[in-house]
Amino acid sequence: MCLNIPAMTDFSRLFDELELDDDERPFSSASLPPVAALLPELHRRLLSRPPDPSLSIHGMGRLLRAADPLWLLGPAGGAQAPYVSVVCALISRAAPPPDDVPAPHPYASNVAAVAVALQALLAKLQAAGPDRRVRTLTLALAPHVCVFAAPHMEERAWTSRASREACGRLESQLLAAGGWRDSAHMLTGGGPDGEAGILPAVLDVVRPALEREARRQRDRVDEVDSALAWTLLRVPRPFLAPVLPRLLGPALLLSDHQGGDKCMLGIHCLHHIISNTAASELRALNRADVVYEALFRHLHATDADVMQLLLPCLLDLLAVLESPPSAAPRAAAPRHHRVLRLLLTRMEAEHKVALRRVYAQALPAYLHRMGASACRHFARLSRVVPAYLEVSDGLEELSRLYALEALWQILTAAWPRCGSARAIGMWLPCLLRLLVDAEWPSPRLRPDICRRLGRRAARCVVLLNAAARGSLQCPLEQVDAGCCAPEVASLLATVTAASGKSPSRCPVCSDGARTRAEAVAFRCACPSATPE
């Protein structure tokens with residue numbers, strides 16, 4: 001049975017029926033006014049301030065769920081603008097409250113109700129069947145629906161479980177209505193038909209809120225920031241290049257914010273841009289230099305979470321700006337040296353455990369990139385790495401493990417510099433103390449952590465002995481085997497016995513028969529490398 005709503009130009013009775021009737025029965029198309037006449041009235045009532053009580057969000061959703069798809073689509077040749085206006089007006093009913101509005105505010109519940117109404121609209125469009133008008137209208141509505149749903153699909157301060165689930169279902173319905181595989185396909189397009197994605201339209205929707213003055217008024221991560229990040233992080237290579245001028249500026253403004261959350265979100269976006277954009281595009285118009293200067297300033301930050309995102313991002317950006325020093329040891333690479341110099345300076349003076357872990361985790365990757373040119377920073381490395389080896393940082397011993405990895409990188413790439421008596425006197429005592437600590441039973445450390453520490457320390461002792469051309473035999477023979485575990489004593493005996501076998505061979509290429517090209521490929525400065 002259909003709702004008894006006669007055709008009329010006064011829509012009051014229609015809205016009263018929507019608010020009072022709880023049975024979602026299909027409307028008769030003949031009893032309803034034309035959709036072209038109803039849409040402007042819906043738009044007016046949805047935008048009224050204060051909200052018009054005659055048309056609630058739930059009433060709008062009831063209308064969309066119960067309406068006939070063909071009636072909702074309207075006659076052929078109808079304009080799309082009224083539909084877009086109604087959708088935007090409906091979304092405005094779920095706008096975030098001003099800061100001066102006291103809590104609690106039904107923001108999350110409004111978002112869930114609007115998501116349900118929009119899901120009903122998209123389901124009706126999908127049910128209308130394959131039609132060019134349906135496709136055109138879906139493409140016109142998709143950017144607004146996407147920008148609305150994106151900030152509410154992840155756990156944020158303004159979301160609730162109901163709003164996240166509702167927006168997740170809305171995204172699934174949007175993908176189904178548009179025939180897209182996933183969000184990346186929706187944004188970038190492609191496929192057999194070669195249809196363009198909605199990414200430019202999405203950026204047009206969020207552009208007014210991305211201006212510098214508008215962003216400065218918001219001190220926290222809000223819906224616009226989340227929508228921008230959600231959109232950007234789902235655009236893969238090579239689709240970022242055409243819209244790079246429109247995305248790079250907002251991402252830089254986001255990373256330049258003093259708030260930790262906004263800064264981390266901006267750095268995450270910049271890292272995605274760096275990883276998914278061709279190096280030539282980044283170097284054009286000095287874009288990479290601008291990003292480098294913006295990120296370099298954050299090296300003075302004291303937030304471990306910010307530094308955790310910053311250091312890998314900066315390392316990837318340096319590969320865009322300069323050739324890796326490990327591949328061309330004689331190359332200038334001033335930015336690599338500048339970043340490593342500041343990183344070591346910060347590491348030397350840092351006392352916070354969280355930051356020490358982050359610094360120690362990033363150091364091996366930087367030293368691997370530097371190769372033999374890390375010798376320029378040997379004095380700082382000689383102070384920083386032993387200091388991190390001597391201080392425990394908790395049950396996981398992450399700082400020590402990463403410091404041992406960094407020492408292995410130093411001994412591998414700069415082994416001729418590490419064989420001096422001064423270097424041996426500095427590294428060997430630290431490694432022996434660490435070996436004893438790792439093998440001695442301790443209730444504070446788990447057995448697997450002790451084994452990892454012992455293996456890495458033993459590897460460094462063997463490599464240090466090879467770099468010293470077997471000269472560790474005398475110092476190791478003076479170690480009292482009674483003060484260390486049997487495993488340590490066995491290791492020291494093995495190193496001592498092997499000290500006189502092949503002291504002139506390179507610790508990296510132990511066969512000593514590599515060509516110079518192979519030596520460069522293996523980051524080896526082997527003096528016995530044969531010419532090509």
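Reading the values: rules and limits
- Residues numbered from 1 in each chain as written.
- Predicted model: local features only at pLDDT ≥ 70, side-chain atom pairs only at ≥ 80, totals over all residues.
- Heavy atoms only, no water.
- Helix = DSSP H or I, 4+ residues; strand = E, 2+ residues; numbered from the N terminus.
- Buried < 20%, exposed > 50% of the residue type's maximum accessible area, 1.4 Å probe, protein only.
- Contact = heavy atoms within 4.5 Å.
- Areas by Shrake-Rupley, 256 points an atom, 1.4 Å probe, with all protein chains shown as cover.
- pLDDT = per-residue confidence, 0-100.
- Core = buried A, V, L, I, M, F, W, Y, C linked by side-chain atoms within 4.5 Å.
- Axes fitted to C-alpha atoms, helices over the stretch in contact; angles between N-to-C directions.
- Parallel < 35°, antiparallel > 145°, perpendicular 65-115°, else oblique.
- Left-handed = near helix turned anticlockwise from the far one by under 90°.
- Nonpolar A, V, L, I, M, F, W, Y, C, P; charged D, E, K, R; others polar.
- Phe/Tyr/Trp six-rings, centres within 6.5 Å; stacked < 30°, edge-to-face > 60°.
- Lys NZ or Arg CZ within 6 Å of the ring centre and 35° of its normal.
- Salt bridge = Lys/Arg side-chain N within 4 Å of Asp/Glu carboxyl O.
- Expected span 1.5 Å × (residues − 1).
- Bend = angle between axes of the 7 residues up to and from the residue.

Visitor: Whenever I open this one, the overall build of the chain confuses me. Can you help?
Guide: Counting its secondary structure elements, the chain contains 27 helices and two strands. With 532 residues in all, the chain has 49% of them scored as buried. In the chain, of all internal contacts separated by at least 6 residues, the share reaching a separation of at least 24 is 71%. Summed over its atoms, the accessible surface of the chain is roughly 24600 Å², and 56% of this surface lies on carbon and sulfur atoms.

Visitor: It is not clear to me how the confidence of the model for the chain should be interpreted in this structure. Could you clarify?
Guide: As a general rule, the predicted coordinates of low-pLDDT regions are not to be interpreted in detail. The predicted model of the chain has a mean per-residue pLDDT of 81, with 78% of residues at 70 or higher. Confidence drops under a pLDDT of 50 for residues 1-9, and excluding neighbours within four residues, the segment shows 20 contacts in the predicted structure. Confidence over residues 525-532 falls short of pLDDT 50; this stretch has 19 contacts with residues more than four positions distant or in other chains.

Visitor: How should the nonpolar core be read in this particular structure?
Guide: In summary, soluble globular proteins display a tendency toward joint burial of nonpolar side chains. Counting residues in each nonpolar core, the largest one holds 159 residues, and the members touching the most others are Phe148 and Tyr366. Those residues in contact with Tyr366 that sit more than four places away from it in its chain are Leu311, Leu314, Leu315, Leu318, Val339, Leu340 and Leu343.

Visitor: Would you mind going over the environment of Leu381 with me for this structure?
Guide: Checked against the element boundaries, Leu381 lands in helix H20 (residues 378-390). Separated by 37 residues in sequence, Leu381 and Leu344 place their C-alpha atoms 7.2 Å apart. Discounting chain neighbours no more than four positions away, the residues touching Leu381 are Leu344, Leu367, Ala374, Pro386, Ile410 and Trp427.

Visitor: Got a minute to help me understand the packing of helix H7 (residues 132-149) against helix H8 (residues 161-178) in this structure?
Guide: For the pair H7 and H8, interaxial distance at closest approach is 10 Å and the crossing angle is 160°. On the basis of their axis angle, the class for H7 and H8 is roughly antiparallel. Our pair here, H7 against H8, has a crossing hand that is left-handed. Facing Arg135, Thr138, Ala142, Val145, Cys146, Phe148 and Ala149 of H7, the residues of H8 in contact are Cys167, Leu170, Leu174, Ala177 and Gly178. For the contact of H7 with H8, a count of residues per class yields nine nonpolar, two polar and one charged.

Visitor: Which parts of the structure should I look at to understand the side chain of Ser183?
Guide: Its location among the elements puts Ser183 in helix H9 (residues 183-188). Those residues in contact with Ser183 that sit more than four places away from it in its chain are Glu171, Leu175, Trp230 and Arg234.

Visitor: Explanation requested: unusual backbone geometry in the structure shown.
Guide: Of note, the bond from Arg237 into Pro238 is cis; its omega dihedral lies within 30 degrees of zero at 5°. The topology assignment puts Pro238 in the loop between helix H12 (223-232) and helix H13 (244-255). Unusually for a residue other than glycine, Leu285 sits at a positive phi of about 60°. Tracing the backbone shows Leu285 in the loop between helix H15 (279-283) and helix H16 (287-296). Residue classification places Leu285 among the exposed positions, given a relative accessible area of 73%. For Glu397, which is not glycine, the phi torsion reads 55° and is therefore positive. Given a relative accessible area of 0%, Glu397 falls into the buried group.

Visitor: What am I meant to see in the packing of H7 against helix H10 (residues 199-206) here?
Guide: Packed helices, taken two at a time, are described by the angle between their axes plus the distance between the axes. Between H7 and H10, whose axes approach to 9 Å, the crossing angle comes to 60°. Between H7 and H10, the crossing angle belongs to the class labelled oblique. Crossing angle aside, the handedness with which H7 passes H10 is right-handed. Facing Pro143, His144 and Val147 of H7, the residues of H10 in contact are Ala201, Val202, Val205 and Val206.

Visitor: Can you help me understand the packing of aromatic side chains in this one?
Guide: Centre-to-centre distance and the angle between the planes together describe a pair of aromatic rings. The final tally for this structure, using the stated rule, is one aromatic pair. Between Tyr292 and Phe296 the ring centres are 5.8 Å apart and the planes differ by 40°, which places this aromatic pair in the tilted class. Taken together, the residues span about one helical turn, with Tyr292 and Phe296 both in helix H16 at a distance of four residues. For the pair formed by Tyr292 and Phe296, the shared burial category is buried. The positively charged end of Arg335 is found above the aromatic ring belonging to Tyr292, 5.7 Å away from the centroid. Between Arg338 and the ring centre of Phe296, over which it is positioned, the NZ or CZ distance is 3.8 Å.

Visitor: How should H12 be read in this particular structure?
Guide: For an α-helix the count is 3.6 residues per turn, leaving residues at separations of three or four pointing the same way. Most of H12 sits out of view: nine of its ten residues are buried. For H12, the set of buried residues is Glu223, Asp225, Ser226, Ala227, Leu228, Ala229, Trp230, Thr231 and Leu232.

Visitor: How should I be thinking about the pattern of salt bridges in this particular structure?
Guide: Close approach of charged atoms lets side chains of opposite charge pair. Going through the model one piece at a time under the given rule, you end up with 21 salt bridges. Two residues, Arg133 and Asp131, come together in a salt bridge whose shortest N-O distance is 3.5 Å. You can call Asp131 partly exposed: its relative accessible area is 32%. The network of salt bridges with shared partners includes Glu41, Arg44 and Arg45.

Visitor: Hey, could you run me through helix H19 (residues 353-370) in this one?
Guide: With 18 residues, H19 extends 26 Å between its outermost C-alpha atoms, agreeing within 8% with the 26 Å of an ideal straight helix rising 1.5 Å per residue. Maximum bend of H19: about 30°, positioned at Leu363, with proline Pro364 one to four residues after it. Within the sequence span of H19, burial applies to Leu355, Arg356, Val358, Tyr359, Ala360, Ala362, Leu363, Pro364, Tyr366, Leu367, Arg369 and Met370. Of the surrounding secondary structure, the elements contacted by the buried residues of H19 are helix H17 (304-321), helix H18 (334-349), H20 and helix H21 (398-413). In the stretch just after H19, Gly371 is the one whose phi turns positive, near 65°.

Visitor: What's the story with the environment of Val145 in this structure? I'm lost.
Guide: Position of Val145 relative to the elements: it lies in helix H7. With 26 residues separating them along the chain, Val145 and Gln119 place their C-alpha atoms 9.4 Å apart. What Val145 contacts, discounting residues up to four positions off in sequence, is Leu122, Leu170 and Leu174.

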